[in-house]
Amino acid sequence: MLRNSLIFLALLGVAHAETPAPATEGQVERTPLGDFALTDLEGRSVKLSDYRGQVVVVNFWATWCEPCKQELPFLDAYYRELAAQGLAVLAISTDGPRTVAQVRQTVKQRGWTFPVLLDQDGAVMGDFNPRGAAPYTLFVDRLGRLAGDHDGYAPGDELGMRARIQALLDEGKQPEAKEERTSLRVTNSLTAERRTVDAGTYGLLTDRLNLQASAGDLTTFGRIDSMIFADAPDGRYQDDARLERLRVRYRLGNWNLVAGDFFEQLGRGIMLSIRKVDELGVDLEIRGGRLEYDGPAVGATVFAGRMNPANLDIVSEQFVEDTDDVLAGGRLVLRALPGMEVGALGLHMRPVTQSLPPDQAEALGIRQDDQSSAGGLYVEVPDIAGLFSLYAEGDFQRRIVAADDSDGKALYGTLALHLEHVNVLVEAIHLDEYIVTGSPNTALQQAFSYNQVPTIERLDQIVDNVTDFSGGRLYVEPTLLGGDLVLHANGMIRINDPGEDGSIRQIHGYGGIKYLYEAGRSRVELSGGHRSERHVDGGETFRRVSHAELDWLQALGSSSWALHVQSRNDLRAQITPSGTLDEFVWSSTLLSVDWASRGSLAFEFGVDTQQADEQNYFFAGILDLHLDGALRALDWADLEPMAMRITAGSQRGGIKCIAGICRDFPEFSGVRLSLVSRHTLGG
Amino acid sequence: MSMKRNGWQSLAFLALVLLGCEGEGAQGLTGGSDRSQYPGFGKEEGAILAPLQFELPDGTPFSLADMYHDPKNRIMMLSTSAGWCTACIEEQPKLVALHEEFAERGLFMVIALFEDDQFQPANAALANRWKRRYALPFAVVADADFQLGSYYNRELTPMTMLVNVDTMQILKITTGFPESEVRAILNAAL
């Protein structure tokens, strides 16, 4: 893959990378939010409608999201203080297969008391937070109506949130208010950019219109994607407009029926993980039907449909053909023993595009019928004596590719120990040719991957083998000063292609310290580590990196202003054809001034010395402006929620990884303008 | 026998070339068409691969037409590499193992290098170093003009291409090295 080099706006901190669209905040015309059901950390089913009559704060967060973890202590404090007045907080973890193992220990370590719900496949996020922002908070009044939302977190935001919660609580139960049954929410994201890539300079206008409607127990979601190019360099960049997503969901008691596009995950994502990671251009859904029953002792899900990838690859900005691969599968969950869940998983898949062109296969005498079938079992014990939690999964797969049969096997287990001042997590995985791929992604010229494997590696590291490897990791996290001081140490070892020629051993040790101060409004985090990759035969170093990171957020007094510095610095080395190690520096630093709920102004500086005779320094400026918040603060206007982001400068291409998924980003030089607006209608 | 097959195959290849030219050049009869570039062969799966020319480690030219003329070659696997591409370096031992397994059955493998570790165009010396360093028992060539760059997106290097040598039609183009799928196709085809 292309150089391991700079990617501006990314890798400095995943949280920044995870919120590429400008944030919005606002109070909206109140309309019913609709309902959802998720399981909590103890495996119990929790519905939003269970809290009717209370003010509910629904917060989307993830363990890798630092602003989320800075915001949640405030919500926990408000919850403790105001629960008696009728406040409920539902913290929805959007962690995917890669990081979900850390959710429980994060919650335990921080001592959060509100219910934490797991949305591993992103289904609830898809319905209620379709842009995938983190953190993202919804405020629901006592009648189950959406009373407002808050996007992102900067020091000072908590004050506005506290005031909003109190106002909702003060409204009382409003028994005389008429309960509305229908609503329509519209979110539009418009991006215009002019950029230069290897293929030439072009302009692009993209628009994503999200429509969410609810009527009683019925909720619908639609998304219209449009893209228009100016001076497109070649046929890979195509104008297009289409109804990209359409979903109807109907809930009745413990039953949940979905028709249209939906996310799906089986187990910890090894067998199947169809979800969305916008920043990496991963935007897959199944178009078909899904029926779920979630009872106290038994749960079951069956689904079938065709794969429906988004047709604009937002990384390369190239057109992606639909695959229409056929999938059918399901799960059966038994909760016969208290505190334990046992499940069986199954999946059958048939790619529409076969391994070889039909006429070529015929000429070679190959009768193609590519397909794969898989079955698996898992057991989860969320809480053993208040100290341990356990998850174990085993999967078996039979594949037929070009009339050739082969098998795949997967084993995965995680054991977590939760003590008062220390958390310990052990993860182990063994994959033997476990491959879940479909028809080609025409933008990448390689098969779509329909699973996401717990890679056991740090989120931002290059992981280039997710089908045939063994490894494990140990994570230790002591806490001091009542949770304000957190230390962590990690050790990871992976063997890629164990037992084969060219097998590579990867070792990564890293650790750090994080300190929250000024009542949690400021934080500083230092971390660093060393990763090396060696050939098992001969022991020759193949690639290595020593890295150091700083993340410092300093609230400025009691105002709503803050300074933010994020820096990542790598000393990298990789082998050359001569057998020597080529060392180079990769560094990126972002300095920003944040204005709570109104925006930020950031400047980014990067260094990459891999190419001796090329440009080694890069700059970018990023202006985020929450138009509604800023104009309201200046008493100029009271707009519907609207936000704007302007990015200008040059960004070097390179591999960027989030949650174990890596993409190779093209170079960028130009200007990008994004506008997000939201409107709500009730009836 | 060998010469006979060789001759027929040469004729077949020539006919395919002519057919390809005819298809591309049909509009040329109207006159005034752009002939600044020689009409190309197909660059997608199912199309005929052009008889590209590269440079061997000793500096002599290597043409895919030469490979085509050897009747024992049934499937060609063409893989692109570059000195800066660690994924390419990582896959070399796997390619050796694959070659050992399928060479006797008619697999012809070739690595085409297009840049060195400083992103400069490849040359015969680089091909020579690469071949010796990874002890590659198959062809390693320099693609200094990066002709294969028009078959895929360079940023997604390496590319793996499988070609039916009997017809010179491209069976598969994929980025990365999906070893399991390649092995399955070779098992079925050879």
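Everything numeric in this text was worked out from a predicted model, so none of it was measured.

(A) Up close: the overall build of chain B. Broken down by element type, chain B carries five helices and seven strands. Out of the 190 residues belonging to chain B, those deemed buried represent 45%. Within chain B, residue pairs in contact and separated by at least 24 positions form 65% of the contacts whose partners lie at least 6 positions apart.

(B) Fine view of the overall build of chain A. Looking only at helices and strands, chain A features seven helices and 42 strands. For chain A, the proportion of its 683 residues judged to be buried stands at 51%. Across chain A, every contact between residues at least 6 apart in sequence was considered, and the portion connecting residues at least 24 apart equals 64%.

(C) Quick peek at the packing of helix H2 (residues 66-82) of chain A against helix H5 (residues 157-170) of chain A. Residues and elements named next belong to chain A. Two elements in contact, H2 and H5, have axes whose closest approach is 11 Å; the angle formed by their N-to-C orientations is 30°. In terms of orientation, H2 lies roughly parallel with respect to H5. In the crossing of H2 with H5, the sense of the turn from one axis to the other is right-handed. Contacts between H2 and H5 involve Glu71, Phe74, Tyr78 and Leu82 from the former and Glu158, Arg162, Ile165 and Leu169 from the latter. Split into classes, the residues belonging to the contact of H2 with H5 amount to five nonpolar, no polar and three charged.

(D) Here's a closer look at the environment of Phe138 of chain B. All names here are of chain B. Inspection of the secondary structure assignment puts Phe138 in the loop between helix H4 (124-133) and strand E5 (139-142). Residues Phe138 and Ser79, 59 residues apart in the sequence, show an inter-C-alpha distance of 12 Å. Excluding its chain neighbours within four sequence positions, the residues that come into contact with Phe138 are His99, Met109 and Val110.

(E) Representation of the interface of chain A and chain B within the structure. Across the boundary between the two partners, chain A contributes 40 residues, which contact 44 residues of chain B. For the side of chain A that touches chain B, the secondary structure elements donating two or more residues are helix H6 (358-363), strand E26 (404-418), strand E29 (446-449), strand E34 (541-555) and strand E35 (561-575) of chain A. With three residues, H6 of chain A is the single largest residue contributor to the side of chain A that touches chain B. Here the residues of the side of chain A that touches chain B are counted per class, giving 19 nonpolar, twelve polar and nine charged.

(F) Up close: the confidence of the model for chain B. All names here are of chain B. Averaged over chain B, the pLDDT score is 81; the fraction of residues at 70 or greater is 79%. Counting contacts from residues 1-33, a segment whose pLDDT is below 50, to residues more than four positions away or on other chains yields 19 contacts. Confidence over residues 35-39 falls short of pLDDT 50; this stretch has three contacts with residues more than four positions distant or in other chains. Reported for the predicted complex are a pTM of 0.84 and an ipTM of 0.79.

(G) Focus on H4 of chain B. Residue and element names in this part refer to chain B. Within H4, burial applies to Leu126, Ala127, Trp130 and Lys131. With its buried residues spanning 130° around the axis, H4 presents them on a single face. Where H4 is buried, its residues contact strand E1 (53-55), strand E4 (107-115) and E5. Looking one or two places after H4, you find Ala135, whose phi comes out positive at around 45°.

(H) Structural detail: unusual backbone geometry. Of note, the amide linkage connecting Ala134 of chain A to Pro135 of chain A takes the cis form, showing an omega dihedral of 0°. With respect to the secondary-structure elements, Pro135 of chain A resides in the loop between helix H4 (123-128) and strand E8 (136-140). A cis amide bond, omega 10°, links Thr157 of chain B with the succeeding residue Pro158 of chain B. Residue position: Pro158 of chain B is located in the loop between E5 and strand E6 (159-164). In this model, Ala135 of chain B sits at a positive phi of 45°, which is unusual for a non-glycine residue. Turning to its location among the elements, Ala135 of chain B is positioned in the loop between H4 and E5. Its 9 C-beta neighbours within 10 Å are what place Ala135 of chain B among the exposed residues. Backbone geometry at Phe146 of chain B places phi at a positive 50°, although glycine is not the residue there. Among the secondary structure elements, Phe146 of chain B is positioned in the loop between E5 and E6.

(I) Main features of helix H3 (residues 103-110) of chain A. Residue and element names in this part refer to chain A. The buried fraction of H3 amounts to seven of the eight residues, a majority that puts the element mostly inside the structure. Along H3, the residues that are buried comprise Val103, Arg104, Gln105, Thr106, Val107, Lys108 and Gln109. Those residues of H3 that are buried lie in contact with strand E6 (87-93), strand E7 (116-118), strand E25 (388-401), E26, strand E27 (422-432) and strand E30 (469-480). A positive phi of about 70° marks Gly111, the residue just after H3.

(J) Summary view of the environment of Leu459 of chain A. Looking at the element boundaries, Leu459 of chain A is found in the loop between E29 and E30. Remark: the alpha-carbon pair of Leu459 of chain A and Trp64 of chain A, spanning 395 residues in sequence, is separated by 8.2 Å.

(K) Quick peek at the environment of Gly330 of chain A. Looking at where Gly330 of chain A falls in the secondary structure, it is placed in strand E22 (residues 326-334). Counting along the chain gives 27 residues from Gly330 of chain A to Phe303 of chain A, while the straight-line C-alpha distance between them is 6.0 Å.

Thresholds, definitions, all that
- Position numbers for residues start from 1 in each chain and track the written sequence from start to end.
- Following the order in which they are written, the chains are lettered starting with A and the ligands numbered starting with 1.
- Side-chain atom pairs in this predicted model are given and counted only at pLDDT of 80 or more, local residue features only at pLDDT of at least 70, and totals for whole chains, interfaces and linings cover all residues.
- In this description a helix means any DSSP run of H or I spanning at least four residues, a strand means any run of E spanning at least two, and both kinds are numbered starting from the N terminus.
- Counting other C-beta atoms within 10 Å of a residue's own tells you its class, since 20 or more makes it buried, 12 or fewer makes it exposed, and anything in between is partly exposed; those C-beta atoms are placed from the backbone.
- We call two residues in contact when their backbone-placed C-beta atoms lie within 7 Å.
- Geometry is summarised by axes, namely lines fitted to C-alpha atoms with helices restricted to the contacting stretch, and by angles between N-to-C directions that run from 0 to 180 degrees.
- Orientation categories follow fixed angle ranges, with anything under 35 degrees roughly parallel, anything over 145 roughly antiparallel, 65 to 115 roughly perpendicular, and all other angles oblique.
- Each crossing gets its handedness from the near helix: less than a right angle anticlockwise from the far helix is left-handed, clockwise is right-handed.
- Basically, the charged four are Asp, Glu, Lys and Arg, the nonpolar ten are Ala, Val, Leu, Ile, Met, Phe, Trp, Tyr, Cys and Pro, and anything else, Gly included, counts as polar.
- Values of pLDDT, the confidence the predictor places in each residue, fall between 0 and 100.
- Throughout, the arc means the angular range of directions from the helix axis out to the C-beta atoms.

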